[in-house]
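Coordinate inspection notes
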Amino acid sequence: MDINGIKKEIEQSIEEHGKELWKLARYLWENPEYNFKELKSSRAIWELLESYGFEVEKGICGLDTAFQGVYDSGKPGPHIGFLAEYDAVPGMGHACGHNLMAAMAVGAGVGVKSVIHRLGGKLSVFGTPAEEGGGGKVIMLEKEAFQGLDAAMILHSANETVVNDISYSKTDLIVEYYGKGAHGATWPEEGNSALDPLLHLFQYIGGQRLRWNGRGTILGVITNGGRDPIHIPDFCQAKFTVRSFDKRFKETILQEFLEAGQLLGSMTGTRFRYEWDGYTYEDIRNNRELEKLLEKNLMDLGETVMPRRKDLGIGCTDVGNLTHVLPALQSYIQVVPELRGHTKEFEEACGSMAGKRAVLVGAKAMAFTAADLLSSPKAMEKVKQSFGEMKKRYE
C-alpha cells in the first residue's frame, strides 16, 4: 500500500474543508461555553460531522453535551478515536485553545474518512465536555464510552509543538472540622476551636516537604476560618489539592494526609470530616510508539518538535485517565511561540490566523498517524505492546 499517496489524499481532503474547519473554530471562539453547558459548541461540532457522513449519537453517558460520531468502513481493522474538547476557561474564554482542538479532531476525522474504505477499520470522533475541571472524560470512561478503541489521540493548543506530555495525578478534597463555639474573651474554657486542628494540618504539610522531596505536594486554602476573632469557631473548612507525577505516590501522601487530619481531630477533641471535590485526574502515561508515529508526521509537515519542558507549565487533564486504560496520547501543536496558555494574549491568538494554521497542521498530523495504524498491523501491534509494557511497569 502506498502510504505516502494515502497521506497526500488525506491532506487534500483536509485542505478542501479548511474553510469549514476554521469557521467552526471561530464560532466556538466567539461563543465560549463552560463545563457541561457547551450546548451551542457541541451542536456545531456534531452537525458538521453529520454533514460529512458521520453517524452521531448525542447526549451519550448521560451528558447533554457529549457525543460520538462514528464512520465505519465495514471492513476489519482497528478502531481509532479522535478526542474533541470545546469547553472554555471560566471567565477567560478560549484561553486554552479548545476551540482549535475541536476543529482539529473534526478535521482529522474527515481526512481519514476520505481513505478509510481502502484501509479498513473504524473511526470515531468523541465530543468530550468539561475538561476544565468537570471531568467529562472520567465520566465517559466510567460509562464505557471508549470501550473497543484501539488508540485515541488529541492535540492540545500550545506555544510549542511537543509529542510527549507531563501531567499531574491530582485529587482535590474539602476538609472540615467541627468544634464548640464560645466567647473567646469571656468564657474561652467553654469552647473548643475548630480552627486549631486545621492550622496544625497546614503545619503538617509544611513539615513533610523535605520528606516528599519534590515527588508530590499538597496545597490548600482556608475557605472558612470562623466569623469573628472574639468567637471561638465551631466550624472551619479548607480546600486542598494533592498532586504528584506518580499516581501511586499521590495516593500514599493522600492517605497519610487523611490519617493526620483524623489524628489532629482526636487530639483536639474536634470532629474531622472530608469529601472529594470533583473528579480525580490521573497522570499521563506516555505511549512511545504512538508518539514516534506522530512525531514523524509532524516533522514531515514542517513542524519543529521540541522536548517537553517543565517550565512550559504543567497542569492536569482528564486525558490522563484514558492513558491508563488504552493506548492514547495528548500532544501539543504550536499556535504562537512564547505565549502561555490561560492568558488573555493566548486567548486572542486562538482566534487569529495562527490558530487556523494550527488546526490544519494538527488535523493532518493526527489523520496521518491514524492512517499509519490502519494501514499497518505491525505498527498497531507495537503501540499495543508499548501500552502493555507500561501497565507492567506501573501495576
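The following refers to the structure shown. Only a predicted model underlies this, so the values are computations on that prediction, with no experimental measurement involved. All residue numbers refer to positions counted from 1 along the written sequence of the respective chain. Only residues with pLDDT of at least 70 get local features here, since the model is predicted, and only at 80 or more are side-chain atom pairs given and counted; chain-wide, interface and lining totals rely on the full set of residues. With hydrogens and water set aside, each side-chain value is computed from the structure's full complement of heavy atoms.

Re the packing of helix α12 (residues 353–375) against helix α13 (residues 377–394)
Viewed as axis vectors pointing N to C, α12 and α13 meet at an angle of 105 degrees, and their least axial separation amounts to 5 Å. Classified by the interaxial angle, the pair formed by α12 and α13 is roughly perpendicular. Residues Asp372, Leu373 and Ser375 of α12 touch α13, and the partners they reach there are Pro377, Ala379, Met380 and Val383. Amino acid classes used here: Ala, Val, Leu, Ile, Met, Phe, Trp, Tyr, Cys and Pro are nonpolar; Asp, Glu, Lys and Arg are charged; the rest, including Gly, are polar. Residue composition of the contact of α12 with α13, grouped by class: five nonpolar, one polar and one charged. Fitting a line to C-alpha atoms yields each axis, with helices limited to the stretch in contact; the angle taken between N-to-C directions then spans 0 to 180 degrees. Secondary structure follows DSSP: runs of H or I at least 4 residues long count as helices, runs of E at least 2 residues long count as strands, and numbering of each begins at the N terminus. Orientation labels follow simple angle bins: below 35 degrees gives roughly parallel, above 145 gives roughly antiparallel, 65 to 115 gives roughly perpendicular, and whatever is left gives oblique. Contact criterion: two residues are considered in contact whenever any of their non-hydrogen atoms come within 4.5 Å of each other.

A short note on the environment of Ser375
Among the secondary structure elements, Ser375 is positioned in helix α12. Taking the C-alpha atoms as reference points, Ser375 and Glu20, 355 residues apart in sequence, are found 28 Å from one another. Once residues lying within four places of it in the same chain are set aside, the contact partners of Ser375 are Met1, Ile3 and Leu119. N or O atoms within 3.5 Å of each other form a polar contact, as long as, within protein, one can give a hydrogen and the other can take it, and as long as residues adjacent in sequence are counted only when both atoms are side-chain atoms. Only 2.8 Å separates the side chain of Ser375 from the backbone oxygen of Ala371, close enough to count as a polar contact.

A look at the pairing of strand β4 (residues 122–127)
Accessible area is worked out with a 1.4 Å probe on protein chains only. A residue is then buried under 20% of its type maximum, exposed over 50%, and partly exposed in between. Taken across its six residues, β4 has five buried, putting it largely inside the fold. In terms of strand pairing, strand β2 (residues 67–72) meets β4 through six bridges, oriented antiparallel. Bridge pairing in β4 places Asp72 opposite Lys122. One requirement defines pairing of two strands: DSSP has to find at least two bridges between them.

Some words on the environment of Glu11
Position of Glu11 among the secondary structure elements: in helix α1 (residues 3–16). Take Glu11: its relative accessible area is 29%, and that puts it in the partly exposed class. For the pair Glu11 and Ile116, spaced 105 residues apart in the sequence, the C-alpha separation amounts to 14 Å. Residues contacting Glu11, with those up to four places away along its chain left out, are Leu301, Lys364 and Phe368. At a separation of 3.4 Å, a polar atom in the side chain of Glu11 contacts the side chain of Lys364.

Observations concerning unusual backbone geometry
The phi angle at Phe36 is positive, at roughly 65 degrees, despite the residue not being glycine. In this structure, Phe36 sits in the loop between α2 (18–30) and α3 (39–51). When its relative accessible area of 31% is taken as the criterion, Phe36 is described as partly exposed. Despite not being glycine, Ala130 shows a phi value in the positive range, around 60 degrees. Relative to the elements of secondary structure, Ala130 occurs in the loop between β4 and α6 (136–142).

Concerning the packing of aromatic side chains
Pairs were defined over the aromatic rings of Phe, Tyr and Trp, the Trp ring being its six-membered one, requiring ring centres within 6.5 Å. Orientation was assigned from the angle between planes: stacked under 30 degrees, edge-to-face over 60, tilted for the rest. Counting across every chain of the model gives ten aromatic pairs. Ring centres of Tyr178 and Phe235 lie 5.1 Å apart, and the angle between their planes is 50 degrees; this geometry places the pair in the tilted category. A residue pair is termed long-range when its members are at least 10 positions apart, and Tyr178 in strand β7 (residues 169–178) and Phe235 in strand β11 (residues 235–244) qualify at 57 residues. Residue classification places Tyr178 among the partly exposed positions, given a relative accessible area of 26%. Overall, the relative accessible area of 22% leaves Phe235 in the partly exposed class. Each member of the aromatic cluster is reached from another via a ring pair, and the members are Tyr177, Phe272, Tyr274 and Trp276. We note Lys170 situated over the ring of Tyr281; from NZ or CZ to the ring centre the distance is 4.9 Å. Two thresholds decide whether a charge sits over a ring: the Lys NZ or Arg CZ must be within 6 Å of the ring centre and within 35 degrees of the ring normal.

Describing the sheet that holds strand β9 (residues 216–224)
Sheet strands pair via backbone hydrogen bonds, and the direction of the pair is either parallel or antiparallel. With antiparallel pairing, the four strands of this open sheet are ordered in space as β9-β11-β7-β12. Pairing within the sheet leaves two strands with one partner each, and these edge strands are β9 and β12 (271–276). This sheet shows a mean twist of 25 degrees between the axes of neighbouring strands, independent of strand direction. With six bridges connecting them, β7 and β12 associate as antiparallel partners. Residue pairing for β12: Val175 is matched across the bridge by Tyr274. Contacting β7, β9 and β11, helix α7 (residues 195–212) runs over the sheet at an angle of about 165 degrees to β9.

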